[in-house]
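# Structural characterization, general
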Amino acid sequence: MMPSKTKNMKCTNLKFLVFIGLFTMFSTAAWAQEIIKDTIKPKPQTTVRKKIDGVIATVGDFNILESDIDKAYLEMTSQGASVKDITRCQMLGKLLEDKLYAHQAIQDSIVVSDDDIKAKMDEQITYMVEQLGSMDKVVAYFKKPNEDEFKSELSDIIKMNKLAGQMQKKIIDKVEITPEEVRTFFKKIPASELPVFGAEMEVSQIVVYPKVSEAEKQKVIDRLKELKKEVEGGSSFATKAVLYSQDPGSSSNGGYYRMNKKTPFVKEFKDVAFSLGEGEISEPFETEFGFHIIYIEKIRGQDIDLRHILIVPKTDSQSLQEAKERILNIKKKIDEKTISFADAARAESDEKETRSNGGVLINPKTQDTHFELTKMDPSMYSQVSNLKDGEVSAPILDTEQNGKKKYKLVTVTNRINEHTADYARDYIKIKELALKEKQIQAIAKWSEEKIQETYIKINGAYRNCEFTNNWLKK
């Protein structure tokens, strides 16, 4: 992982914002037809007659087919979502939104690279083959005549989804909120409707990483040099990142990050990134996360688009035992009260992110120190739920998302009972709610404006649908 770091709205389509198509290309089978039967609910006295596969709507340069609605139902069902309460009119509304985002992304010159599309496609195909057994079975399952057509259509879908996603992000990223707006938001909530926040706790930890042998480090460096040579010989860096990078924050996106000098990446990473020119690939270098190579894809003024591959050196059993003995010694001193947990963290923890503040963990979702019990990561909950006040856990052998092993001690430093929202105590959570409402409003305003500016046509009985957005421009 590289970085250190609701109301009064028409929300009918909001629940679909997170629904970005992975497999919306799929053919409609008898199973899908059974799922979607009788789901459309246009105005009374109106019947939507299904066409073989006619164009039912147009947004800019994009057409929506009758079968696209069927495919969307099939996709949602394949992901375990219920579709029984979603009408065909609502599903069409979601597809219209997607096409509007993608159309406007093209107008705004938002570009999705071929490498990015290929990396995502490779990732999805790898997953499908794992699930179904072979590429032939994947093509047959989705009822495509051959592998080339399957890949072509999947590539088009991925491109459109990425365009739509980047357009949504562009809208939301511009939204900021002031303390005064947060205060106003909170004051508008009736006392009887104030949210209730669940029981929370604050947690601290001390981390000891096993030492890595020089031979293992050299093995990783040599592997990264091989990958660099293969890319310089014509291989895709993005594909290599998907296949080999151990960075959980970027590997699925082909190792992609956009950053500038203010982006909260570790210093060693930023120093290398900003020393490279466009198209250059770095030599392997080390950070606290492991060893990396960086490829500079594009320089955009103060921002750079880069891709990187992270490989974490493995640790042997002797190093693990030495790390365990070290952390046992730290625990002994804390238990004997010769040093406090916070001072021990500052003096002996190997985790830079928490060492300076006495080992206190920051919740990555809220950016404060509170962890709500009902939303806590299950593994973390199991480690702290039975600890008494002031008690320090036994050494815990943990494995990070990138595969790096560590020993840690954890303790609960504060417990907060379930309570009704309080402006001073819960400011960060209230700010998050206020910001989300403002983002929803920004998306609604953007949609309203772009609908008026964009060529949109809805055909046949679908014109009788009661949409949340003004697609019919009435």
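We now turn to the structure provided with this report. Note that the coordinates shown come from a computational prediction; the quantities given were computed from them, not determined experimentally. (Residues numbered from 1 in each chain as written. Predicted model: local features only at pLDDT ≥ 70, side-chain atom pairs only at ≥ 80, totals over all residues. Heavy atoms only, no water.)

### Some thoughts on the overall build of the protein
Looking only at helices and strands, one finds 15 helices and 13 strands in the protein. For the protein, with 474 residues in total, the buried portion stands at 47%. If you sum the accessible surface of the protein, you get close to 25000 Å²; carbon and sulfur atoms cover 49% of it. (Helix = DSSP H or I, 4+ residues; strand = E, 2+ residues; numbered from the N terminus. Buried < 20%, exposed > 50% of the residue type's maximum accessible area, 1.4 Å probe, protein only. Areas by Shrake-Rupley, 256 points an atom, 1.4 Å probe, with all protein chains shown as cover.)

### What to know about unusual backbone geometry
Peptide bonds are, in most cases, trans, and in most cases residues other than glycine have a negative phi. Look at Ser109: it is not a glycine, yet its phi comes out positive at around 60°. Along the chain, the position of Ser109 falls in the loop between α3 (88-107) and α4 (114-132). By relative accessible area, Ser109 is classed as exposed at 58%. Although it is not a glycine, Lys337 sits at a positive phi angle of roughly 60°. Structurally, Lys337 can be placed in the loop between α11 (317-335) and α12 (341-348).

### Some points on the sheet that holds strand β7 (residues 290-300)
Strand order in the open sheet made by the 4 strands is β5-β8-β7-β6, with antiparallel pairing throughout. Two strands bound the open sheet, and with one partner strand each, they are β5 (256-259) and β6 (285-287). Within the sheet, the average angular offset between the axes of one strand and its neighbour, ignoring direction, is 45°. Sheet analysis places β7 next to strand β8 (residues 303-311), joined by 9 bridges and oriented antiparallel. Among the inter-strand pairings, Ile294 is bridged to a residue of β8, identified as His308. Each of β6, β7 and β8 is contacted by helix α8 (residues 214-232), which is oriented at about 30° to β7, the strand it contacts most. Of the strands in this sheet, β7 and β8 touch helix α9 (residues 237-244), which is tilted by about 40° from β8. (Pairing = 2+ DSSP bridges. Axes fitted to C-alpha atoms, helices over the stretch in contact; angles between N-to-C directions. Contact = heavy atoms within 4.5 Å.)

### Some points on the state of the cysteines
Counted according to the given criterion, the structure contains 1 disulfide. The disulfide that involves Cys89 links it to Cys465, with 2.0 Å between the sulfurs. Taking the torsion about the sulfur-sulfur bond, which here is approximately -70°, the covalent link between Cys89 and Cys465 counts as left-handed. Of this pair, Cys89 sits in helix α3 while Cys465 sits in the segment after β13 (456-458); the two residues are 376 residues apart in sequence, bridging distant segments of the chain. Here Cys89 matches Cys465 in class, with each residue buried. (Disulfide = S-S within 2.5 Å.)

### Some remarks on the pattern of salt bridges
Any two side chains of opposite charge can pair, on the condition that their charged atoms come close. Considering all chains together, one arrives at 36 salt bridges under this definition. Taking the shortest distance from any N to any O, the salt bridge between Lys118 and Asp122 comes out at 3.1 Å. Residue Lys118 and its partner Asp122 are both found in helix α4; the two are separated by 4 residues, about one turn of the helix. Of the residues examined, Lys118 reaches a relative accessible area of 39% and is grouped as partly exposed. In this structure, Lys169 engages Asp173 in a salt bridge whose closest nitrogen and oxygen atoms are separated by 2.6 Å. Placement of the pair is Lys169 and Asp173 together in helix α6 (residues 147-173), with a separation of 4 residues, close to one helical turn. By sharing partners, the salt bridges in this structure join Asp116, Lys162, Glu297 and Arg307 into a single network. (Salt bridge = Lys/Arg side-chain N within 4 Å of Asp/Glu carboxyl O.)

### Section: the packing of α8 against α9
The geometry of a pair of packed helices is captured by two quantities: the angle between their axes and the separation between those axes. It is the contact of α8 with α9, at a shortest axis distance of 9 Å, that shows an interaxial angle of 150°. By the angle between their directions, the pair α8 and α9 is classed as roughly antiparallel. The two elements α8 and α9 cross, and the hand of that crossing is right-handed. Each of Arg223, Leu227, Glu230 and Val231 in α8 lies in contact with α9, whose residues at this interface are Phe237, Lys240 and Tyr244. Looking at the contact of α8 with α9 residue by residue, the class counts come to 4 nonpolar, no polar and 3 charged. (Parallel < 35°, antiparallel > 145°, perpendicular 65-115°, else oblique. Left-handed = near helix turned anticlockwise from the far one by under 90°. Nonpolar A, V, L, I, M, F, W, Y, C, P; charged D, E, K, R; others polar.)

Function-wise, these values are silent; they only describe arrangement.
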